[in-house]
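# A closer look at the structure
Here are the chains, one letter per residue:
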Amino acid sequence: MHEAATQPLTHPLFSHQLPEGIPRRQRGGKEKALTMNRLGKKGNETLIEMALSADDDITVLTTAAESEGEECNGPLCETVSTAGSEAPSSSEIDKRHQSKDSIFFRDGVRRIDFVLSYVDDLNKEWEKKLERRKEFESNLEKAGLELEREDKKESEDGKIYFVKIHAPWEVLITYAEVLNIKVPIKENDIPSVGMENPLDCMLRPLRLPEKVMHPEPDYFTAPFSKDKQELYLINDESTFFSPSMRNRIVNYILTRCPYGTEEGKKKFGIKRLINNGTYSAAYPLHDCQYWKKANDPNCDNERYTLYMEWARFLRFYKEQPLDLIRKYYGEKIGIYFAWLGFYTEMLFLAAVVGLICFLYGLFTMDENMSSKEICDPAIGGEIIMCPLCDRECEYWRLNTTCESSEYSHLFDNVATLFFAIFMGIWVTLFLEFWKRRQARLKYEWDLVDFEEEQQQLQLRPEYEAKCTQKKKNPVTQEMEPYLPVTSQAVRFCISGTTVLFWVSLIIASMIAVIVYRLAVYAAFASLMENTQTLQPISGLLTPQLATSVTASCLNFVIIMILNFLYEKIAIWITDMEIPRTHMEYENRLTMKMFLFQFVNYYSSCFYVAFFKGKFVGYPGAYTYMFNRWRNEECDPAGCLIELTTQLTIVMAGKQIWGNIQEAIVPWICNWWGRRKARNNPENLYSRWEQDHDLQTFGALGLFYEYLEMVIQFGFITLFVASFPLAPLLALMNNILEIRVDSWKLTTQYRRPVAAKAHSIGVWQEILNGMAILSVVTNAFIVAFTSDMIPRLVYYYAYSENEDSPMSGYINNSLSVFQISDFPDRNKPKVNTENLVICRYRDYRYPPDHERKYLHTMQFWHILAAKLAFIIIMEHVVFIVKFFVAWMIPDVPADVKAKIKREKYLTQKILHEYELEKLKERLCQGDKRATEKEFIATEGRMELSRAM
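Counting from 1, residues in each chain are numbered in the order their sequence is written. In view of the model being predicted, local features appear only for residues whose pLDDT reaches at least 70, and side-chain atom pairs are presented and counted only at 80 or more, with totals across whole chains, interfaces and linings using the full set of residues. Excluding hydrogens and water, the side-chain figures rest on all heavy atoms present in the structure.

A word on the overall build of the protein. Think of it this way: any DSSP run of H or I at least four residues long counts as a helix, any run of E at least two long counts as a strand, and we number them from the N terminus. Across its full length, the protein carries 30 helices and 22 strands. The contact criterion used throughout is that any non-hydrogen atoms of two residues lie within 4.5 Å. Contacts in the protein between residues at least 24 apart in sequence constitute 76% of all its contacts with a sequence separation of at least 6. Throughout, the Shrake-Rupley method with a 1.4 Å probe supplies accessible areas, and for residues the shown protein chains are the sole cover considered. Total accessible area on the protein stands at roughly 43700 Å², and carbon and sulfur atoms take up 58% of it.

What follows is about the packing of helix 12 (residues 331-363) against helix 15 (residues 414-444). Only the stretch in contact is used when fitting a helix axis, every axis being a line fitted to C-alpha atoms; angles between N-to-C directions are given from 0 to 180 degrees. Running from amino to carboxyl end, helix 12 crosses helix 15 at an angle of 160°, the nearest separation of the two axes being 10 Å. Classed by the angle they form, the pair helix 12 and helix 15 counts as roughly antiparallel. In the crossing of helix 12 with helix 15, the sense of the turn from one axis to the other is right-handed. Note on residue categories: nonpolar means Ala, Val, Leu, Ile, Met, Phe, Trp, Tyr, Cys or Pro, charged means Asp, Glu, Lys or Arg, and polar means any other residue, Gly included. In terms of residue class, the contact of helix 12 with helix 15 is made up of 24 nonpolar, one polar and one charged. Here is the rule for angles: anything less than 35 degrees is roughly parallel, anything more than 145 is roughly antiparallel, 65 through 115 is roughly perpendicular, and the remaining ranges are oblique. Handedness of each helix crossing follows the sense of rotation of the near helix against the far helix: counterclockwise by less than a right angle gives left-handed, clockwise gives right-handed.

This next bit is on the sheet that holds strand 5 (residues 114-119). One open sheet accounts for four strands, arranged 6-7-5-12; its pairing is antiparallel. Lying at the two open borders of the sheet, with one neighbouring strand each, are strand 6 (146-150) and strand 12 (281-283). Averaged over all pairs of adjacent strands, the angle between strand axes in this sheet comes to 20°, irrespective of strand direction. Strands qualify as paired when DSSP identifies two bridges or more between them. As paired strands, strand 6 and strand 7 (residues 160-166) are joined by five bridges and run antiparallel to one another. Each residue of the ladder has a partner; that of Glu146, found in strand 7, is His166. Packing of helix 8 (residues 243-254) onto the sheet brings it into contact with strand 5 and strand 7, and relative to strand 5 it is tilted by some 45°.

Once that is clear, we can look at the environment of Phe224. Here Phe224 shows up in the loop between strand 9 (219-223) and helix 7 (237-240). With 50 residues separating them along the chain, Phe224 and Thr174 place their C-alpha atoms 9.1 Å apart.

Right, let's get into the state of the cysteines. The definition used for a disulfide is geometric: two cysteine sulfur atoms within 2.5 Å. For the structure shown, the criterion picks out two disulfides. Between Cys375 and Cys402 runs a disulfide, and the two sulfur atoms are separated by 1.8 Å. Of note, the bridge from Cys375 to Cys402 carries an S-S torsion of about 100° and is right-handed in sense. Of the two residues, Cys375 sits in helix 13 (residues 369-375) while Cys402 sits in helix 14 (residues 402-408), which places them 27 residues apart along the sequence.

Not every positive phi belongs to a glycine, and Asp446 is a case in point at roughly 60°. Within the fold, Asp446 resides in the loop between helix 15 and helix 16 (452-456). Residues other than glycine seldom take positive phi values, yet Tyr853 does so here, at roughly 65°. Within the element layout of this structure, Tyr853 appears in the loop between strand 22 (837-841) and helix 28 (857-887).

Now for helix 26 (residues 788-798). Those residues of helix 26 that sit buried are Met788, Ile789, Pro790, Arg791, Val793 and Tyr794. Of the surrounding secondary structure, the elements contacted by the buried residues of helix 26 are helix 13, helix 15, helix 25 (763-785), helix 27 (809-813) and helix 28. Each residue is assigned to one of three classes by its accessible area relative to the maximum for its type, calculated with a 1.4 Å probe on protein chains only: buried under 20%, partly exposed between the two thresholds, exposed over 50%.

A few words now on the packing of aromatic side chains. Think of it this way: a Phe, Tyr or Trp ring, Trp meaning its six-membered ring, pairs with another when their centres are within 6.5 Å, and the plane angle makes it stacked under 30 degrees, edge-to-face over 60, tilted otherwise. Throughout the structure, instances matching the rule amount to 57 aromatic pairs. Each ring, one from Trp169 and one from Phe240, has its centre 6.0 Å from the other, and the planes form 65°; the classification is edge-to-face. In this pair, Trp169 sits in helix 4 (residues 169-178) while Phe240 sits in helix 7, placing the two residues 71 residues apart along the sequence. Note on accessibility: Trp169 and Phe240 belong to one class, buried. Summarising the aromatic geometry, the rings of Phe501 and Trp502 are spaced 6.1 Å apart at their centres and angled 90° between planes, so their arrangement reads as edge-to-face. Taking the ring centre of Tyr622 as reference, the NZ or CZ of Arg630 above it sits at 3.5 Å. Each ring is checked for a lysine NZ or an arginine CZ that lies within 6 Å of its centre and within 35 degrees of its normal; such an atom marks a charge sitting over the ring.

Okay, structure coming up:
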């Protein structure tokens, strides 16, 4: 290779010397990571400042004409080669007709890897923006990228300039080595031995064609090295790196390219240029229109294939083409859809069991002795209940809650206990089998050696720009920017205080909803008592249910408003913390958003499940909130039906609102933005303009998708004992969600920049935490929210009827209160001369007992049974969970064997290559130096075989 390429170069924009040239030899995993860091940053320099020497034959393109010192933006500003490029001259290009739907430069050869757009608004900062663009684009060209410009006169609206970027071969191989990109060295010859599935015939309608499912052959791969190009399977330089790899490389350059010095600080990065309005957008291109194939035979038409085979809702029953998704969008998006698809598959089992439990409750509804006694005019019709609010509420008969007590049996029955235990085991199976699926994907997608540490060594451009102080990295021994501890502490204090303030705001809003419940209950009770038109539905729509439904809807509206506001705040405070790497940034934002949404979505459900009706007191000695509003009581049928109502409204409302936000809003925005251009012919509406008019997926687009699904996961695990149909609702939503996400990504959004990821990241730990918490919450729901334990205690200890053990339960569960003991504050306004006693839901001694209104022994028996049940259920479920987790290995045995075999064969190929090179050098005469290398290489090869 050329020796000049390793000499330090200088850049006219910087007074200091630039780093050394690109390394010429692969150095192995750990040393490679160090090299990446050294190249990525040295002092104040960025990676883009590494210019390549002239004898590396890199094509550097300059603008063909600039008139009178102004920026050249018109169609005549075509790129020409200054270093031996084979691109045709501008005169030849002008004579050639080419469709503007093409994804190539005007020469029809060089692929457009990225597009920059901007609008020249003649405001006070016009000259500054112009200077920034000139400097930025000049530095891009000095880094080896080729640019081609489109004048605003050529755009559909006559306002937007476009700069098309192409990465030539030398730039691609340089940064492929820097980014440690793995490329094919040999076709995989390991036979795929799999067990024959007897259900293959039945599953055939769910399969996709092989060319869609596996668009590329399977190869042995190795990190790219410029010194070993002949080792790799390079059949065609223009297609060796996939479009997703190319746009990832160009994006890496764009995020580190400097554009000048302002206010004494060096400025760089396309993100900052977009934020300050210098450019309006930066994006890679889709390869074709989604509804039809491209006319260019060199186009892969992968977007069209994805739309036809994956993004249409009518294909909801088909498997997902994960390999094609990964190839087109990158591993990070591919792993999300793999996880979402696997989660949906596992939900099918939970939905079936939940539906069976619901049907059990439905078929045994007529056999429920409790609802029979409540509905019986001779029992429930004769029981007079104490008022549910002070002064305004009247005494009422128990049989008025007949319908609600019957419906509560749908969810509060023996199957509830079984389903709570089942879901504790299901969530463990889901997480463990996902680990196995993830391990298989890591092998199939060549991510086994991909380490997050490689990304951690790459600093965020924002971190590099804002941190002016420097210290030596103990690993790389290079000077790098850092944030002082004192500054970190101050920023974390501000961040933590802000998060606590917003969490407190959620709690305050929840208390406001509780006050609403307490304040309007009396109004609903009075309205339904005195309004004749509501009498026919008064049995079903009780004051408790009306209050619960309206409060749930109000709570959902508040949740949506707080979510919208907090998203902005969370991003702001995370930016203020100045995280060091992109991974650190995402993890911090994830924890903030999840903590907030956990409290926001689940606080009302926790209140209904564990607080409502638990601290009521008893008639004559009620407990009051703020010494004004009397605490709510549960329905005589129990609080479980209210928890079910709350869960259904919030969960269903969130899913409906989420689909509206994800699908309808982007579609409306795109329709509005393209309403003038949608009928234009192809030659007037170019590929880059079509993509420019689409919505931006954004760096956090995938983050919101994960967050939505994890919150749903919480609904179906934390409170599933109250609503066995929750997994079924989640299943139906996820079937729609997969197609909505694929549709919007394929049709409504610009193509995201490809990114690598070998797992779902911090979300895995969040799911594990929620799985453990779900066992505790469901045990408490069964014990304290449902009537399961009181019924069992009555059945085994207090029942006096052997033929019908549950008869008399309702009368046993209601205590007696003497009306004359009511203080004036609680006494109803209505005349009560004919009433002596009323009943209330509790276990207390009657007024004629010496321990008047104190808890009976049965109350303590029930409490002890509840605590014992919680301990037993938690221990049983946790023991089963840990046993299942121990029994299921995280990595399948066949995948382990394939990984070891592939590593061995890859090392063998690399060693044989090095030996051949050394033998060639020996034959050429440099015997003394190369004999030592030959012996060392043989030794390394023997050592690897022994390992």
